[in-house]
Amino acid sequence: MAEQIPLYPVRSAAAAASCKRAAYSAAGPGPGAERSSRYQLEDESAHLDEMPLMMSEEGFENDESDYHKLPRARILRRKRGLEWFVCGGWKFLCTSCCDWLINICQRKKELKARTVWLGYPEKCEEKHPRNSIKNQKYNVFTFIPGVLYEQFKFFLNLYFLVVSCSQFVPALKIGYLYTYWAPLGFVLAVTIMREAIDEFRRFQRDKEVNSQLYSKLTVRGKVQVKSSDIQVGDLIIVEKNQRIPSDMVFLRTSEKAGSCFIRTDQLDGETDWKLKVAVSCTQRLPALGDLFSINAYVYAQKPQLDIHSFEGTFTREDSDPPIHESLSIENTLWASTVVASGTIIGVVIYTGKETRSVMNTSNPKSKVGLLDLELNQLTKALFLALVALSVVMVTLQGFSGPWYRSLFRFLLLFSYIIPISLRVNLDMGKAAYGWMIMKDENIPGTVVRTSTIPEELGRLVYLLTDKTGTLTRNEMVFKRLHLGTVSYGTDTMDEIQNQLMNSYSQTQSQTSGNNASSTPPRKAQSSAPKVRKSVSSRVHEAVKAVALCHNVTPVYEARGAAGETEFAEADQDFSDDNRTYQASSPDEVALVQWTESVGLTLVNRDLTSMQLRTPSGQILTYCILQTFPFTSESKRMGVIVRDESTAEITFYMKGADVAMSAVVQYNDWLGEECGNMAREGLRTLVVAKRALTDEQYQDFENRYNQAKLSIHDRTLKVAAVVESLEREMELLCLTGVEDQLQTDVRPTLEMLRNAGLKIWMLTGDKLETATCIAKSSHLVSRTQDTHVFRPVTSRGEAHLELNAFRRKHDCALVISGDSLEGRSLSCKTFLVWVLISIYQGGILMFGALVLFESEFVHVVAISFTALVLTELLMVALTVRTWHWLMAVAELLSLGCYVASLAFLNQYFDVPFIMTVTFVWKVSAITVVSCLPLYVLKYLKRKLSPPSYSKLSS
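Residues numbered from 1 in each chain as written. Predicted model: local features only at pLDDT ≥ 70, side-chain atom pairs only at ≥ 80, totals over all residues. Heavy atoms only, no water.

## A short note on the nonpolar core
Here comes step 1: L481, I496, V543, W594, L612 and Y652 are the most contacted members of the largest nonpolar core, which has 42 residues in total.
Here comes step 2: Considering every element that reaches this core, the biggest residue donor is helix α16 (residues 535-548), with seven residues.
Here comes step 3: In this structure, V543 is in contact with I496, L500, W594, T595, V598 and L600, ignoring residues within four places of it in sequence.
Here comes step 4: By size, the runner-up hydrophobic cluster in this structure holds 29 residues, among which are I649, L670, A688 and L692. (Core = buried A, V, L, I, M, F, W, Y, C linked by side-chain atoms within 4.5 Å. Buried < 20%, exposed > 50% of the residue type's maximum accessible area, 1.4 Å probe, protein only. Helix = DSSP H or I, 4+ residues; strand = E, 2+ residues; numbered from the N terminus. Contact = heavy atoms within 4.5 Å.)

Right, dumping it as structure tokens:
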């Protein structure tokens, strides 16, 4: 019906916060398992920061770095004064000043509610933004300054810029300008080119979306209009499988039911289809052109972020009395969603940056990888070492003469400690990685939208996966029906079918007798005495409730020709082979398909009625009086129907056990059976009903319609009215459906786990259901225990709970809430790199002194050649999976060295380099510098293999 309105029952903040998601890990807890609020607690005792975390014997290789992360926020908070300014405060001040200037120059327009007249954009009182999408970070004027700022805000690039600029000072010049400016210019050129390509690709994607053509309905008929030219008030026609260009109110559809389904995966990530209902006043108009023959407008609330709520009204002024209809989220079509059924017509209410999708999208920013941040920190450490070394050299000279000039010259001489080639290789590697990802035949269609962070894919530590639709197919199969005293499984469904057939046969014979005696049908009386029903009648009531309480629509494929539409509609084909079901949730479809399998079939549905076919072929018609859709807040849905044959009015409701247990009559089996089904991996739904008299329903309808037309606090008022019905409902049954696992999900999870990834499953299911799915998908082995992380209120309790978990061996962790952190490069790895560099540098210089004592005048050629060969050999020994580009890069690097001999003849004596003595001595130095390191690495891999070594080829 057109009066359908989604319900948002009143829930306290505490109740909403208690609806947490369960997270499962098969490889142990993340280092950030404490509550996120721990950094804000000022009154905790200081000893918590030093509280040791007990580590298990395996699975925690980086325990030192993980431990030091715990008090990091508090350490940063203690920084004050000059230390705070040097360590990042200057960047915060600059950013704050820039934001303040931007806010002064671009004051945001205050968002207001609006009145939108159908088909007349010129009647809009205010000017609204263009309906164009812009995902670009820069424009023509800000591109170069913006890219340079993003580069030089890092200490590494800023250091090289200062060093290069110093060579313009004659007193500080120690080399050729091109040796400093050429690498820096190359880095900037590569960066600017990469950013330009990314920006151009974003421009092309935006242009493609903004140039899409849509049919706009005008007084003169249909005209084609670009998406960017759509205005508030336009009547836009959107075809099936076409993207909705702007936020609209749903006016008409080609579907006879007056509703349609849309796909919202590009808006909220949900794969389930959403049911949308057209405004009944415009849906009932005889023809499409009649939209311009009425004088109507839509009152819409001001634009806001929430995509799950909307409050508005539709008013038709040319009728007597004026027609007022309440508008809710069911009557809206948000931009970036896709029409999944039929053709729809809507009136545009929000455009451009006022649409829900754009308002929920943050401004595009330059993404920086963890590797860049770590290199920036390491560069600062190396710079401090460089300064210390320069001070030592000046001290050894006794601070004689202009010592400050000598200090700066030593800084320049030792500047090669920080190699600019590292920056060059990093940028070139990122570009190559992005190109290889897009050209990989194993992942066709992959698009690298940001070429600055492709290397982050190789540093994944945690994998967070949803359950429904990711680990499972989101294809439900009905498995269990429980009535309290009797339970039916897949092997006893034939008993339900027989009992249902007998029940409807008796009902049909009683109806025939009543018709013969001309006895009018009796209306439902809520005060009828309670009697114990037979199992057959209870099965009948349960199946009928499941067949009526849903939002499923049967769809029949057209078999006639285009000119035979009316004939085909008059003689509609209700055959089972020609019928499919559409719904916003696969659970709904599974339930309706089950009722069809036991004999009660849904054959037709529109906004006002529903038809069921009994096992004997009789058609039962029910009038849909009200529908209360499912929401994540209420966790239940309901429908009020009137049986046309008996005039009985019944309120059916189904939902999660946590929501339904408070509204059904007292029972002693619901909680226990829900737990039993959950342990089998089934998703449960509780079904209940309440019979209403005509007086009760009329009173409810009056209060409900009045609440729906409220402008202020509509949600609260509607929820309060609906809650008056949700009392002492009769519990009918408990259903259980199973979600099938995805193909090859078990070996995939096992392979990822062997690669060293810690896998977490996020789900909103019951604890028992999630545990069962985790074991069946091999996320957790069947012999592995689970440790449930109990609720904690302080950081100390979180430490104790983690210690209790880590004492257990081979145990999976279950957490309620979101308390996960990543892992960065540890100081241990950096120190290992430094020690390797010192070892190899020492071998190169000592070997040159020992083996080339008589030819030490050629020390540059000796050390440089050995250094190039050592670096190339170390890279080759580090690579585990070779790509042809890597081999080309090695050869090109060697070629660059050979080519440099031609124009650097003042440093290299080519005849000396070509001698056999030079070759074997340099080779010996290279082998001594590399071979011991490789042997140590090989022994470590054999004695303590890494987790990813378990991966099969």
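## Section: the environment of R284
Here comes step 1: Note that R284 resides in the loop between α9 (280-283) and β9 (296-300).
Here comes step 2: Remark: the alpha-carbon pair of R284 and L251, spanning 33 residues in sequence, is separated by 9.9 Å.

## Digging into the sheet that holds strand β3 (residues 213-218)
Here comes step 1: The antiparallel open sheet is built from six strands, whose spatial order is β4-β3-β5-β14-β6-β12. The open sheet is flanked by β4 (221-226) and β12 (332-333), the only strands paired with a single partner. (Pairing = 2+ DSSP bridges.)

## Some thoughts on the sheet that holds strand β7 (residues 259-263)
Here comes step 1: Strand order across the open sheet formed by three strands is β8-β7-β13, with antiparallel pairing between neighbours. Here the strands that pair on one side only, and so sit at the sheet edges, are β8 (273-277) and β13 (338-339).
Here comes step 2: Pairing analysis gives five bridges linking β7 to β8, with the strands arranged antiparallel. Bridge pairing in β8 links C260 to K276.

## Quick word on the packing of helix α5 (residues 143-152) against helix α7 (residues 178-210)
Here comes step 1: Two elements in contact, α5 and α7, have axes separated by 11 Å at closest approach and are oriented at 125°. As the angle between them shows, α5 and α7 are arranged oblique. Once α5 is placed against α7, the crossing between them reads as right-handed. Between α5 and α7, the contacting residues are F143, I144, V147, L148, Q151 and F152 on the first element and L188, T191, I192, E195 and A196 on the second.
Here comes step 2: Of the residues assigned to the contact of α5 with α7, the class counts are eight nonpolar, two polar and one charged. (Axes fitted to C-alpha atoms, helices over the stretch in contact; angles between N-to-C directions. Parallel < 35°, antiparallel > 145°, perpendicular 65-115°, else oblique. Left-handed = near helix turned anticlockwise from the far one by under 90°. Nonpolar A, V, L, I, M, F, W, Y, C, P; charged D, E, K, R; others polar.)

Shape descriptors only; they carry no functional weight alone.
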